[in-house]
Every structure is written in C-alpha cells, then in structure tokens.
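# Coordinate inspection notes
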Amino acid sequence: MAVKSYIDAIREAMDLALEKDDDVIIFGEDVGKNGGVFRATDGLQAKYGEDRVFNTPLAESGIGGMAIGLTTQNYRPIMEIQFFGFLFEVMDSIAGQMARNRFRFNGTRSMPIVVRSPYGGGTKTPEMHADNLEGMVAQIPGIRVVMPANPADAKGLLLSSIASNDPVVFLENLHLYRSLKGEVPEGYYTTPLDKAAIAREGDYISIISYGGGVPVALKAAEELSKNGISAEVLDLRTVSPLDIQSIGETVAKTGRVVVVQEAQRMAGVGAAVMSEISERFILSLKAPIGRVAAPDSVYPFGQAENDWMIKSDDVVAKVMEVVNYD
Amino acid sequence: MADITATNKQILDFNYQLTAQADSFPTLSVLDNTGKIVDNEAFERAELSNDDLINILKRMILSRQLDIRSTKLAKQGRFGFFAPTAGQEASQMASSYAFTDDDWLMPGYRDIPQIVMKGWPIWKAILWSRGHVLGNVYTTEDDKPVNSWMPQIIIGAQYVEAAGIGLGLKKRKKNAVVYAYTGDGGTSQGDFYEGINFAGAYHANAVFFVQNNGYAISTPRAVQTAAPHLAAKGWAAGLPSLVVDGNDPIAVYLASKEARSWAVNGNGPVLIETITNRLEAHSTAGDDPLRYRTKDDIEEWWEKEPLIRMRKLLQDQGIWNEKQEDDYVKEVNQLIDDQIKIADNVDKQKISNFIKNTLEVPSQAMKEQIAKFESEGK
Ligand SMILES: Cc1ncc(C[n+]2csc(CCOP(=O)(O)OP(=O)(O)O)c2C)c(N)n1
C-alpha cells in the first residue's frame, strides 16, 4: 500500500468516482482550473472536462440548490463549500431542503448529493473560515455527517458517500489535509457509513472521538500507555447517525469513557454521545463520563488558535480525572 | 397569419433585448491610460483643487506602498492574511475620498486601505490581518470612533447590513450615507441582491460599489453571470447604476461624489461598478494567478494601472514631481515600519477574554472556563 496524504486520498476518491460513473459531477467555487483553494480537485477538470467538473458563480445557496435540482436529471452531485464557515449561506439547501426531500416526497425521490467541505482550525485562516459546525448539521434528521480521521478512511468513506442515495455532509479536516499521511489501499473500495472503527485497542478506558479529534486522542493514548494506562480510541467516522452499537461495545469493555471533540463544549456531537451512553449503558460505567472540548466562545482569531484548541495534554488530564474517580 | 404590433414584436425580440442590455451602460471616463484628460467638462465638474488632486495621489501611493510591504511581510510570515490591492487604488482611494468621516464604511476583506483612510491606524490593520482581536477595535490613535465595520469575510453580508445602516441614517435624518464595497464575485451572492433591493425599497442613504477586478479567486468575471454589466443588476432594484473606468481616479471620484450627494439628499441608493483589475494574487495565502490567467493579460493591465495616470496628470499640471514622490514613499515606509513595531508589541490575546466577550452574561460553564483559563494566565 502506498502512503498518501489525507487530501490526496480525497482527490483519488473523486477521480475514481468520476471514472466509474458518468452521472457523478463536481462543482463549486474555484474547483475547476484552480483545483479548489486546497487543490482537492486538482487535475480533475483537465481529465474529465468542464462538463463534469466546473466552477460556479460565487453563491453557496446557489450551489446547494443547483445540486438538489440536478438530482432530478439523475446526476450525483459532489458540491464543494470552500470553507465550512460559509455553511450558513447554504443552510437552507442543506437543512431545509435536501435533508427533508426523501420524507417530503414520501420516499419517492432521493438526494444522492455529497456536500464536501473543509472544517476545523489550526491553520490560522482569517476569521469565519475555520469553524467546527458539525454539531449543527448533525442535529438535522435526513442527512449523514461523515468526518474521516485518516487518509484510508477519507478515500473509502468518500466513495461510500458518493454511492449513497442519501445526502452526506462530508467534512474534511483542513489541518489534516497535508499534515496527516497514511497507507491507502489502491483502487476503488468503500468503507461503510454509520460504522465507527477502533483506532487503537485498549481495555482500561475508552476515548471516543471523531475527525480532527482522533489524532489528538491517539497521541494522548500513546502518552497514557507510557504510564501503564491502556486506552482504547474509538473513531466515530460518521457522527450522524451515531454507531451506538460500537459505542456500547467499547463502554462494556472498559467501563470508563472520555469524549473528545474539537468543537466548543456546547456544540453538539460529544453531548449526543454522552447522552446515548447515559441512557443505554450507564450500568457499565465505573466513573462519570469525561469530556474534552473547546471553550464556549466564538471560534477564536487566528493568533490565539493554539491556546484555544484542544490538546492531547487536555485529554491525558481528563483521562486521569476519570481514572482517579473511585 | 395575423401580424403582431411593432411594440409586441420588439418585446419578443430576444436578440434586441440582449443588445439593449449590452448597450445601456456606457463607461464614465475622464482620463485615458496615459493620464490625459479626455473629458474636460467632467474634469471641471469633479471640482478637485490642486490639494485634492495631490491628496488623492498620496492616498493611492500609500495604498500601493502598504500593498508592497504587506505582501513582502506576508511572505516572511510576519503579516498574516493579506489580499493585495495593487491596481485597485483608484477604485478604493478615489472613491472613498468622496465620503466624509460621518459616513459609514462597509468594507470587504480587500478594502483595508479605505478603513485606514478613515483613521484606523495601520497597526490595527496589521493585527486584523494577523488574527488579533484588537484589530477589530475601530478607533483612531486618539480614541475617536471610526465609522467602519470590520473587513467582511462573508461575501455579500456587508451589503445587507449596509441597507440597514443606510435606512438608520435616513430615519435619524443624518447628513451621512453608508458606502459599501464588494467584488464582481460578490454580486452573485443572494445578499448582494437583497442589500440593494432593501436599500432601494426604503430609499436608504447608501452608495454601493462593485469593484469588478476581473476575477473572483480563479473564476473569471464571465463565469459569474451572463449579464453584460454588473451595474445592470442595480436596475433590477430600481437604483441609478453606473459603469466607471475603475483605473481612472477622476472618473471614480466624480461618480462617487455625485452618488453621495444623490443619496444624502434622500433620493435613495446608487450602484457604481468600477472596471479595474487585480494585478496580483487573490491573497498571500497560496494563490497562483498563473493557474487561471496569462502573463500577457496581467502585463496589459499593468500598463493601465491608475497610479501611472494620476502621477502623469499631476505632473502635467505642474503640481507633482519625482522628488516629491520619492520623499512621500520614504515617509510612508517609515510610517509602516513604526506601525509594525506597535503591532509587534501588543499583548497576546487571552482565551478568557474571548469567552467573556461571547456573551454579556456568561453561562455557568463559561464562568468555569473563564476561571480555568485565567488561572493558567491565558
Ligand atoms: C460567503 C463566502 N463564500 C466564499 C468565500 C471565499 N472567497 C473569498 S474571496 C472569494 C472571491 C471573491 O471575489 P470578488 O467578490 O470578485 O472579490 P475580489 O477578491 O476579486 O476582490 C471567495 C470565493 C467567502 N469569503 N465568503
């Protein structure tokens, strides 16, 4: 297997999907000649032509609405929102329209759309670019929210998302784009949606995370192992709907849990995981569930990101708190 | 077969419709590419004194120097995000020269020079660019409020907000207007249409600028819309709408001055499209213009850039020379050096402050977080 960056794995998935299925098309701001501002679609327009990979006018709402319309002609749109901070401009298309259409049409129409977007901080973008808004979309019924944490998953999950007849918000961690490399299987393969994965085995405590939180959790687990604490890291991969079964299995195994998210404490996914655990698996718990999240401020200005964002030390400290509960 | 009336024939003549649209917006122009006055009456109507002419040129030079220095510093990692302005000095500096301190500015991320002209110190501009919250405090060095909002990142948002400011100014019977800037790409956003439409419907005190600089990142103007003129979008909202040579400082100033006086007198907003060009990258964050445009195209536009014209005009009038320019460039660079030092010495931002500033009345969880960060000195 070749070692590839997270963004190369994403590009490869789109390349394979375009090759496999003529109905797949890609559009968004600057995805054509420029290959997107991060080069995620680099070379795809040159290879597949402007009919299949094209720039749109600068309007996220237009991009989302157009994707919905194109599904009536049996296209499978992959639309790019340049930064997830611009989610609000396209929120009606995502939350008000595409997420509801299967239901509204009594199951007679589907929405095979992938909304790709970079999210998360740590790269000192100007304000309003980086943001962890996954909780907002994860709370909308009718849509999947997929957040890969490594290159192999990024490719397999994106191919599954493109093949899915349900709309998927596919969030790419912008800090990991080039900083994270890993082995990626060759050719076309899919990684199942709605299925968490054990990123690291352990038996004393479970650290449950997703997306950009996973490398932070893995680093913490590494530290903890030096102190003789064996931490299991569960990578949710799909944050909506949650893989409750896998969550239950790891809780049953370790009896101790820390939930880790990059988003602000009040913002969603971690809270949903904790409430599922308390409702279903509370008797497996030996200690209260710990949580590591960013502070409840508006997303910080670039220069302060380092202080604001969660770190593996925060995870280690929280794990020790849970471990020392008794 | 029955014939239809000439009027109905014209209505149904789609080709005619397209030509009519294309022909409806002649370009306002006072100087040619070499700085020669091509419309003397328009020049007179601008009523620019020699001091005004020198001031406009000086503002444009300051903007250019700030651009050169910022780009350099950004490359060294000392500046932060920066959107180059070279080529757009007339669109930015000659337009803003027509407004007063009481007028409200709604800038986009590329419109830093206009805010500086309102008295926002350059060191704050540097902090904004570096992602420091003190860059968003809009006061002058001696603590006077600056009537400007932050350089807007969400494209189009400033237009809808400008409609609100313009309506507020009208309702309060202020002798002031709001002036807002976006780019050619920005005219595709829903907010753009909503902003001009609301402002028009309420006859708000507003002047809207579209700096048509040819590109929205890599997307050329032609992909943005089939409309032959972006100004035509103003007609849809019932606004007087102008196309101006955006590299011609005198034409831009004249259009802006007349638009302001129309709007401040309660007649409603005006839309001005300035045809200009972005001579450099979209931003200093890794954009390579040669991926989507040619060297020749860029070079051609360098020949039409506004500083050449303004400098030549003033030299021809005998009120400017090379020595004056050299001296002023030195003065500006010294100023920028001093301002960088101030920016470098500003205290680090505190996470506890971020949480304190998120809500006036913090939640229990926020209070706990504030205490935790304060105990860590963060
Ligand atoms: C709502 C929103 N969508 C996308 C972006 C990303 N973006 C920043 S600048 C830009 C192009 C803007 O082009 P234009 O309006 O022509 O202004 P110019 O940069 O040419 O001055 C894009 C797509 C953004 N900042 N906000």
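Now for a quick tour of the structure. (Residues numbered from 1 in each chain as written. Chains lettered and ligands numbered in written order. Predicted model: local features only at pLDDT ≥ 70, side-chain atom pairs only at ≥ 80, totals over all residues. Heavy atoms only, no water.)

### A word on the overall build of chain B
What chain B contains, in helices and strands, is 17 helices and eight strands. For 378 residues, the compact-globule estimate of 2.2 N^0.38 gives 21 Å, and chain B sits close to it at 22 Å. Counting only C-alpha atoms and orienting by the principal axes, one finds that chain B spans roughly 90 × 55 × 45 Å. Residue pairs at least 24 apart in sequence account for 73% of intrachain contacts in chain B once pairs closer than 6 positions are excluded. Accessible surface, chain B as shown: approximately 17100 Å² in total, 52% of it carbon and sulfur. (Helix = DSSP H or I, 4+ residues; strand = E, 2+ residues; numbered from the N terminus. Rg over C-alpha atoms; globule rule 2.2 N^0.38 Å. Contact = heavy atoms within 4.5 Å. Areas by Shrake-Rupley, 256 points an atom, 1.4 Å probe, with all protein chains shown as cover.)

### Focus: the interface of chain B and chain A
Each side of the interface is counted separately: chain B has 38 residues, and chain A has 32 residues. A buried area of about 3000 Å², summed over both sides, lies between chain B and chain A, and 56% of it is on carbon and sulfur atoms. Of all residues in chain B, Ile153(B), Ile154(B) and Arg291(B) give up the largest surface area on contact with chain A, accounting jointly for 21% of the area buried on that side. Scanning the region where chain B abuts chain A turns up two salt bridges. Asp307(A) is the salt-bridge partner of Lys348(B), the closest N and O atoms lying 3.2 Å from each other. Put simply, chain B and chain A have 14 residue pairs in polar contact (both at pLDDT 80 or more) between them. Secondary-structure elements contributing two or more residues to the side of chain B that touches chain A are helix H7 (122-130), helix H10 (221-224), helix H16 (351-356) and helix H17 (364-375) of chain B. Here the side of chain B that touches chain A takes four residues from H17(B), the largest share from any one element. (Buried area = accessible area lost by both parts, 1.4 Å probe. Salt bridge = Lys/Arg side-chain N within 4 Å of Asp/Glu carboxyl O. Polar contact = N/O pair within 3.5 Å; in protein donor to acceptor, adjacent residues only side chain to side chain.)

### Notes on the site of the ligand
Neighbouring the ligand are 21 residues; Glu60(A), Tyr109(B), Arg110(B), Ile153(B) and Tyr215(B) lie closest to it. Protein contact buries 96% of the 580 Å² of open area that the ligand shows by itself. (Near = heavy atom within 4 Å.)

### Observations regarding the environment of Ile370(B)
All names here are of chain B. Within the secondary structure layout, isoleucine 370 lies in helix H17. On the basis of relative accessibility, which here comes to 9%, the residue isoleucine 370 falls in the buried class. Sequence separation between isoleucine 370 and phenylalanine 354 is 16 residues; the distance between their C-alpha atoms is 9.0 Å. Sequence-distant contacts of isoleucine 370, defined by excluding residues within four places in its chain, comprise Ser352, Ile355, Lys356 and Pro362. (Buried < 20%, exposed > 50% of the residue type's maximum accessible area, 1.4 Å probe, protein only.)

### Topic: helix H12 (residues 249-267) of chain B
Residue and element names in this part refer to chain B. For H12, spanning 19 residues, the distance from its first C-alpha to its last is 25 Å, which sits close to the expected 27 Å at 1.5 Å a residue. When we look at burial in H12, the residues that qualify are Pro249, Ile250, Ala251, Val252, Tyr253, Leu254, Ala255, Ser256, Ala259, Arg260, Ala263 and Val264. One side-chain oxygen of the residue at the start of H12 lies 3.1 Å from the amide nitrogen of isoleucine 250, identifying that residue as aspartate 248. (Expected span 1.5 Å × (residues − 1).)

### A look at the packing of helix H9 (residues 213-226) of chain A against helix H13 (residues 312-323) of chain A
Residue and element names in this part refer to chain A. Viewed as axis vectors pointing N to C, H9 and H13 meet at an angle of 55°, and their least axial separation amounts to 8 Å. The orientation of H9 with respect to H13, classified from their angle, is oblique. Considering how the two elements wind past one another, H9 and H13 form a crossing that is right-handed. The segment H9 lies against H13, with Val216, Lys219, Ala220, Glu223 and Leu224 engaging Ser312, Val315, Val316, Val319 and Met320. (Axes fitted to C-alpha atoms, helices over the stretch in contact; angles between N-to-C directions. Parallel < 35°, antiparallel > 145°, perpendicular 65-115°, else oblique. Left-handed = near helix turned anticlockwise from the far one by under 90°.)

### Focus: the nonpolar core
The biggest cluster of nonpolar side chains holds 150 residues, and the ones touching the most others in it are Met79(A), Leu236(A), Ile247(A), Ile277(A) and Ile250(B). Broken down by element, this core gets its largest block of residues, 10 residues, from helix H4 (residues 50-75) of chain B. Residues in contact with Ile277(A), not counting those within four places in the same chain, are Ile208(A), Ile247(A), Val251(A), Val257(A), Ile282(A), Leu285(A) and Ile289(A). (Core = buried A, V, L, I, M, F, W, Y, C linked by side-chain atoms within 4.5 Å.)

### Details of the side chain of Asn333(B)
Residues and elements named next belong to chain B. Take asparagine 333: it is sitting in helix H15 (residues 322-344). On the accessibility criterion, asparagine 333 (16% relative accessible area) is buried. Reaching out from asparagine 333, the side chain makes a polar contact with the side chain of glutamine 65 at a distance of 3.1 Å. Each residue touching asparagine 333, except ones within four places of it in the same chain, is listed here: Gln65 and Arg69.

By themselves, these are just geometric observations and shouldn't be taken as functional.
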